[in-house]
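Understanding the architecture of this molecule
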Amino acid sequence: MSVRQQTAFVTGGSSGIGLAVTENLLSKNYQVFIADRDITGAKALADRFNSNSENGSDSSTYKVYFAECDVSSWSSQLSAFRSAIATFGRIDIVAAIAGIGERKWIPGVKEIQEMEEGEFKEPDLSVVDVDLKGVMFTVGLSVQQFRRQEKDANGFRGKIGCVASVCGFYAIPTLPIYTAAKHGVVGLVRTYGKFLPEEGITFNAVCPNIVRTGISTSTFYDKVEKEGLLVPMKGLLDAFEDFLLGQGSGEVYEVGPKGGWVVREGAGYLDEKCERSCELLVERGRVLH
């Protein structure tokens, strides 16, 4: 009997961390569906890997599939996810990786001085839309699909891994919106990720320090690298692989500049009464899920 090929859905899989995760999955014989705004990069990756298939003219042997996707849009993610389901039937792993860096969200002091009295500009929350809401859309789609799937031989309906950041638990004063979004992702993982295992679903996050991607400039990354502070991509992939192959859920992995990783624990309870209060909140909220 032939063994079914494992499948993965990856947002932001055309570049940076997403590309590294995609290539790592492909090296382990996964079929991967990429959802990304960078459709040119996705097509180049598909051309590279699909041309190496046993029969490049037969789409059933393709390793990479893709769809253009804006993760901040529910309809866009839904369309891409439905395409992945139509392609694979079953999705084993979902990697929510697409993200953007800090953007100017409100006018600075000088700009405000030049504005008319009583004039206000709407804050730019696109970072929250992509880095937090986009991840929530991906998780929401994944869990709904996994609940329709039977458990595999290892007892799992599916696994979700996302990329947050050390900004998810450290406070970076000049990156307030990015930090808020990543704190949200970490909070989602530490809560919902502890609820899902009873259904045969896992949900974890990797939180790297500084990784060279397209989020910042070469000048910045060169400075970080000169000080020996860049996180090697292998370290991030090792952490990602640990929770995708393991059975833990609701865990947050910090990856340091030396490539090692550690599971970061959340805040402890103030006292027994606070712990009991949280237990009651768990009971109250269970009916919602």
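Our structure is the block above this text.
Below you will find a few notes about this structure. (Residues numbered from 1 in each chain as written. Predicted model: local features only at pLDDT ≥ 70, side-chain atom pairs only at ≥ 80, totals over all residues. Heavy atoms only, no water.)

Now for the nonpolar core. Counting 44 residues, the largest nonpolar core has Phe9, Val139, Cys162, Tyr192 and Phe203 as its most contacted members. Elements with a contribution of two residues or more to this core: β2 (31-36), β3 (64-68), α3 (74-88), β4 (93-96), α5 (126-146), β5 (158-163), α6 (176-195) and β6 (201-208). With nine residues, α6 is the single largest residue contributor to this core. Those residues in contact with Phe203 that sit more than four places away from it in its chain are Val139, Ile160, Cys162, Leu188, Val189, Tyr192, Gly193, Leu196, Ser249, Gly250 and Glu251. Formed by 30 residues, the second largest nonpolar core is a distinct cluster that contains Leu26, Phe240, Tyr253 and Val255. (Core = buried A, V, L, I, M, F, W, Y, C linked by side-chain atoms within 4.5 Å. Buried < 20%, exposed > 50% of the residue type's maximum accessible area, 1.4 Å probe, protein only. Helix = DSSP H or I, 4+ residues; strand = E, 2+ residues; numbered from the N terminus. Contact = heavy atoms within 4.5 Å.)

For any two aromatic rings, the description comes down to two numbers: the centre-to-centre distance and the angle of the planes. Within this structure, the stated rule accounts for 12 aromatic pairs. Between the aromatic rings of Trp74 and Phe137, the centroid separation amounts to 5.5 Å while the plane-to-plane angle is 65°, which identifies the pairing as edge-to-face. Here Trp74 is found in helix α3, whereas its partner Phe137 is found in helix α5, with 63 residues between them in sequence. Through a chain of ring-to-ring contacts, the aromatic side chains of Phe9, Phe33, Tyr62, Tyr65, Phe81 and Phe88 assemble into a single cluster. A cation over an aromatic ring shows up here: Lys159 above the ring of Phe156, its NZ or CZ 4.1 Å from the ring centre. (Phe/Tyr/Trp six-rings, centres within 6.5 Å; stacked < 30°, edge-to-face > 60°. Lys NZ or Arg CZ within 6 Å of the ring centre and 35° of its normal.)

With that out of the way, let us pick up the pairing of strand β7 (residues 252-255). Burial of β7 is two-sided: the residues Val252 and Glu254 facing one way and the residues Tyr253 and Val255 facing the other way are all buried. Pairing of β6 with β7 involves four bridges; the strand directions are parallel. Along β7, the bridge assignment pairs Pro208 with Val255. Of the pairings in the sheet, the one linking β7 to strand β8 (residues 261-263) comprises three bridges and is antiparallel in character. Among the inter-strand pairings, Val255 is bridged to a residue of β8, identified as Trp261. Taking the residues between adjacent antiparallel strands as the criterion, β7 and β8 are bridged by five residues, where Gly259 takes a positive phi near 95°. (Pairing = 2+ DSSP bridges.)

This next bit is on the pattern of salt bridges. A complete count under the given rule lists 15 salt bridges for this structure. We note a salt bridge from Lys43 to Asp47, for which the minimum N-O separation is 3.0 Å. With Lys43 and Asp47 both in helix α2 (residues 39-50) and four residues apart, the pair spans about one turn of that helix. Here Lys104 and Glu111 are joined by a salt bridge, their closest N and O atoms 2.2 Å apart. For Glu111, a relative accessible area of 33% puts it in the partly exposed group. Put simply, Arg212, Asp222 and Glu225 are held in one network by salt bridges that share partners. (Salt bridge = Lys/Arg side-chain N within 4 Å of Asp/Glu carboxyl O.)

What follows concerns the sheet that holds β7. The mixed open sheet is built from eight strands, whose spatial order is β3-β2-β1-β4-β5-β6-β7-β8. Taken across any chain shown, the strands that pair with only one partner, and hence form the sheet edges, are β3 and β8. Neighbour-to-neighbour, the strand axes of the sheet open up by a mean angle of 20°, direction not taken into account. Across the sheet, α3 lies against β1 (7-11), β2, β3 and β4, angled at about 165° from β2, the strand it touches most. (Axes fitted to C-alpha atoms, helices over the stretch in contact; angles between N-to-C directions.)

Here we take up empty space enclosed by the protein. Applying the stated criterion to the full structure yields one cavity of 30 Å³ or more. Here the largest cavity defines a volume of roughly 100 Å³. Lining the largest cavity are Val21, Asn24, Leu25, Lys28, Tyr30, Ile93, Leu237, Phe240, Glu241, Leu244 and Leu245. Those elements that provide at least two residues to the lining of the largest cavity are α1 (16-27) and α8 (233-245). If you tally residues by element for the lining of the largest cavity, the top one is α8, at five residues. Classifying every residue of the lining of the largest cavity by side-chain character gives eight nonpolar, one polar and two charged. (1 Å grid on protein atoms, 1.4 Å probe; cavity = no way out; pocket = protein on both sides within 12 Å on 5 of 7 lines; lining within 4 Å. Points joined across faces, edges and corners; volume = space filled by probe spheres on them. Nonpolar A, V, L, I, M, F, W, Y, C, P; charged D, E, K, R; others polar.)

Side chains of Trp105, Ile106 and Leu125 sit close together on the surface and give an oily, nonpolar patch of about 250 Å² of accessible area. With respect to the helices, strands and loops of the structure, Trp105 is situated in the loop between β4 and α4 (109-114). Note on Trp105: relative accessible area 33%, which makes it partly exposed. (Patch = residues over 30% accessible without salt bridge, like charges linked within 9 Å, V, L, I, M, F, W, Y side chains within 5 Å. Areas by Shrake-Rupley, 256 points an atom, 1.4 Å probe, with all protein chains shown as cover.)

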